[in-house]
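# Summary of the model geometry
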Number of protein chains: 4
Amino acid sequence: MTWYIGVIGGAECTEPERELAEEVGREIARRGAILICGGRGGIMEAASRGARQAGGMVVGILPGRHRGEGNPYLTVALPTGLGDARNAIIACAADALVAIGGGYGTLSEIGLALKMNKPVIGLDTWKLERPGLSGGIRPATSAREAVELALLLIST
Amino acid sequence: MTWYIGVIGGAECTEPERELAEEVGREIARRGAILICGGRGGIMEAASRGARQAGGMVVGILPGRHRGEGNPYLTVALPTGLGDARNAIIACAADALVAIGGGYGTLSEIGLALKMNKPVIGLDTWKLERPGLSGGIRPATSAREAVELALLLIST
Amino acid sequence: MTWYIGVIGGAECTEPERELAEEVGREIARRGAILICGGRGGIMEAASRGARQAGGMVVGILPGRHRGEGNPYLTVALPTGLGDARNAIIACAADALVAIGGGYGTLSEIGLALKMNKPVIGLDTWKLERPGLSGGIRPATSAREAVELALLLIST
Amino acid sequence: MTWYIGVIGGAECTEPERELAEEVGREIARRGAILICGGRGGIMEAASRGARQAGGMVVGILPGRHRGEGNPYLTVALPTGLGDARNAIIACAADALVAIGGGYGTLSEIGLALKMNKPVIGLDTWKLERPGLSGGIRPATSAREAVELALLLIST
């Protein structure tokens, strides 16, 4: 069985976030999972690069209509023309997601994934608080821990 | 100019949340705005009922394929067949949104709306924290304040 | 029970098509049905104008992100940001559709509607041929006949 | 540059159509293109099988929410949860499409692809007639001719 791990985060990010995302990408590829992301720059590009470096496969679900908006590390680049609604496809197509940093787009992907009962692992990302709701983002402190936790939660 | 105010919140809710949503619906209708929502039960139904009581128009953007899943207070009920991706349409079609309570679906709508630069007013809803991001949910303490703030932020 | 009749056709059209679309809009409104369309110019605008002249309600499902791209006769204008994928919403939200003239976008709406088992009435539109498939576009020769046939097929 | 060729056709098909689809899949893979399809049975499964036999890569854009609805020959299986609206993604993500047989879903994909100015090659599929419209489906008489024509039209 091949698992699909989503990596979500901003199109703009800091250098430490970039390194973390690259390491997350490598860890995903090393475990034989497919990396799925929004296909653009920042966190998405760094994770894609890491996964390709480790011989993995990367699928980019693009918001626009042109393949050229994808980053250069995608194995499969899919323009959807759906705009921000493509975030729902990333959440739907991933078995679990790792959120790194991120802005409002990432927040929407976290919400969509949790709505669909997909595990979401957080690395220095949104803090959410809403009394009475169980579950939510599971924090991790390293790329390796995040990916291991994602795979553990998928298979249980 | 007619404004469209989105009301987002859970399909299940508490009795105080229901009363608040109904009042929000009434306030929207009294100001001549169109209420747009996910069209189902809970917060969505209460807000729809309030708006209709005050003579307003209510548009429900439904996730499924059948009009019958809509609540009985919709002026226009639109089955989309898109599942949770319909949340992006609610965010896109509203000029501003009022979030009341809510779970992960509501969280995704908040994220999508903020990503699209739409004002989001919160009534006892998610607390979000992410260093370095400006904007976010604007808190209000009553239905009237929420709707007035929404209309104020649209027109400025 | 309120029915929703879709009117589909090109954003550019001939003058006779425009008059036909306007008359279709009037017929829909006279029968108390809601007109749903893509919200833009050409056939969509003419049908919208006709429906409003007869006191009807018109819902426009727009492909872009801005309400301003809608024609001036929409009662409810909904920007979706989905591009051409919004055609699937028009097919899903209508109980039956009337196709007038039209290009490839209209063709896609015809296909989507027939896939969803919605009746499609044609006024001088695509001729389709595919051996072994039953159903398909039902031809009509006037606006009145088209709308009456649409309502008849919905309720049977 | 890697090209993406869409293969569209019914989830149910005849045995000769199945053989043709399998051969189309093989031809796509032999030329180093990625095959993109709706991911299900019939024509989609046959084309996927052919492409995998020839060592190619196959992407399935699924309508539902579960990866398990995909056929067993997909390299990448993407549940979207969008229902028939996923047809717009297939059209958007392909550089050219080959239509084999097919029903109303295929018709909608043909319309969407032509709307987006993508070349569509037909193998024993819909006959369309609409005066004054240029372009449309380009007929081919063999799998090899269809794929060669698709690649020729992309690059010109």
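Per chain, residue numbering runs from 1 following the sequence as it is written. The lettering of chains begins at A and the numbering of ligands begins at 1, in the order of writing. Reporting in this predicted model follows two pLDDT cut-offs: at least 70 for local features of residues, and 80 or more for side-chain atom pairs to be given and counted; totals over whole chains, interfaces and linings ignore these cut-offs and use all residues. Side-chain measures here rest on the full set of heavy atoms in the structure, leaving out hydrogens and waters.

Judged by nonpolar contacts, the single largest core of 247 residues is most densely connected at Leu78 of chain A, Leu78 of chain B, Leu78 of chain C together with Leu78 of chain D. Should any heavy atoms of two residues lie within 4.5 Å, those residues are counted as being in contact. Not counting chain neighbours up to four residues away, the residues in contact with Leu78 of chain C comprise Tyr4, Ile36, Val59, Ile61, Leu78 and Ala93 of chain B together with Val59, Gly60, Ile61 and Leu62 of chain C. Here, the term nonpolar core denotes a set of buried Ala, Val, Leu, Ile, Met, Phe, Trp, Tyr and Cys residues that are joined through side-chain atoms within 4.5 Å. The rule is simple: take the accessible area with a 1.4 Å probe, protein chains only, and divide by the maximum for that residue type; under 20% is buried, over 50% is exposed, in between is partly exposed.

Glancing now at the interface of chain A and chain B. Of the residues lining the interface, 28 residues belong to chain A; the matching set on chain B comes to 28 residues. Accessible surface is computed with a 1.4 Å probe, and the buried area is the amount of it that two parts give up when combined, taken over both parts together. The largest contributions to the chain A side of the interface with chain B come from Asp84, Tyr104 and Arg130 of chain A, which together make up 31% of the buried area. One side-chain nitrogen of Lys or Arg within 4 Å of one carboxyl oxygen of Asp or Glu is enough to make a salt bridge. The tally of links between chain A and chain B comes to 4 salt bridges. Each polar contact in these results corresponds to two N or O atoms within 3.5 Å; when the atoms are within protein, one needs to be able to donate a hydrogen and the other to accept it, and residues that are neighboring in sequence are counted only if both atoms are side-chain atoms. Taken together, the connections running from chain A to chain B amount to 10 residue pairs in polar contact (both at pLDDT 80 or more). Residue assignment for the side of chain A that touches chain B shows that the elements contributing at least two residues are α3 (86-93), α4 (104-115) and β7 (127-129) of chain A. The element best represented in the side of chain A that touches chain B is α4 of chain A, accounting for 8 residues. Numbering of helices and strands runs from the N terminus, with a helix taken as a DSSP run of H or I at least four residues long and a strand as a DSSP run of E at least two residues long.

Take the packing of helix α1 (residues 15-30) of chain C against helix α5 (residues 143-154) of chain C next. All names here are of chain C. Axis definition: a line fitted to C-alpha atoms, over the contacting stretch in the case of helices. Angles run 0 to 180 degrees between N-to-C directions. Relative to each other, α1 and α5 sit at 45°, their axes nearing to 8 Å. As judged from the angle between their axes, α1 and α5 are oblique. As for the relative orientation of α1 and α5, their crossing is right-handed in sense. Contact residues: α1 offers Leu20, Glu23, Val24, Glu27 and Ile28, while α5 offers Ala143, Arg144 and Val147. In these notes the angle categories are as follows: under 35 degrees is roughly parallel, over 145 is roughly antiparallel, 65 to 115 is roughly perpendicular, and the rest is oblique. Should the near helix be turned counterclockwise from the far one by less than a right angle, the crossing is left-handed, whereas a clockwise turn marks it as right-handed.

Taken together, the contact between chain C and chain A spans 6 residues of the former and 6 residues of the latter. Together, the buried faces of chain C and chain A total about 290 Å²; carbon and sulfur atoms form 46% of this surface. Linking chain C with chain A are 0 salt bridges. Ten residues, namely Ala, Val, Leu, Ile, Met, Phe, Trp, Tyr, Cys and Pro, are considered nonpolar, four, namely Asp, Glu, Lys and Arg, are considered charged, and the remaining ones, Gly among them, are considered polar. Of the residues contributing to the side of chain C that touches chain A, the split by class is 2 nonpolar, 2 polar and 2 charged.

Residues and elements named next belong to chain A. Relative orientation of the contacting elements α3 and α4 amounts to 45°, with a least axis distance of 9 Å. Considering their axes alone, α3 and α4 lie oblique with respect to each other. Where α3 crosses over α4, the two elements pack in a sense that is right-handed. Counted together, Asn87, Ala88, Ile90 and Ala91 of α3 and Gly105, Ser108, Glu109, Leu112 and Ala113 of α4 form the full contact between these two elements.

This next bit is on the sheet that holds strand β8 (residues 138-139) of chain A. Picture the strands of a sheet paired through backbone hydrogen bonds; they go either parallel or antiparallel. Residues and elements named next belong to chain A. By this definition, two strands are paired if DSSP reports at least two bridges between them. Read from one edge to the other, the open sheet built from 7 strands follows the order β4-β3-β2-β1-β5-β6-β8, with strand pairing classed as parallel. Only two strands of the sheet have a single partner each, and these edge strands are β4 (76-79) and β8. Pairing between strand β3 (residues 58-62) and β4: 4 bridges, direction parallel. Bridge pairing links Leu62 to Pro79 in β4.

All names here are of chain B. The end-to-end C-alpha distance of helix α1 (residues 15-30) is 23 Å, a good match for the 22 Å that 16 residues give at a rise of 1.5 Å each. Among all positions of α1, only Glu17, Ala21, Glu22, Val24, Gly25, Glu27, Ile28 and Ala29 are buried. Positive backbone phi, at 80°, marks Gly32, one or two positions downstream of α1. Multiplying one less than the number of residues by 1.5 Å gives the expected span of a helix.

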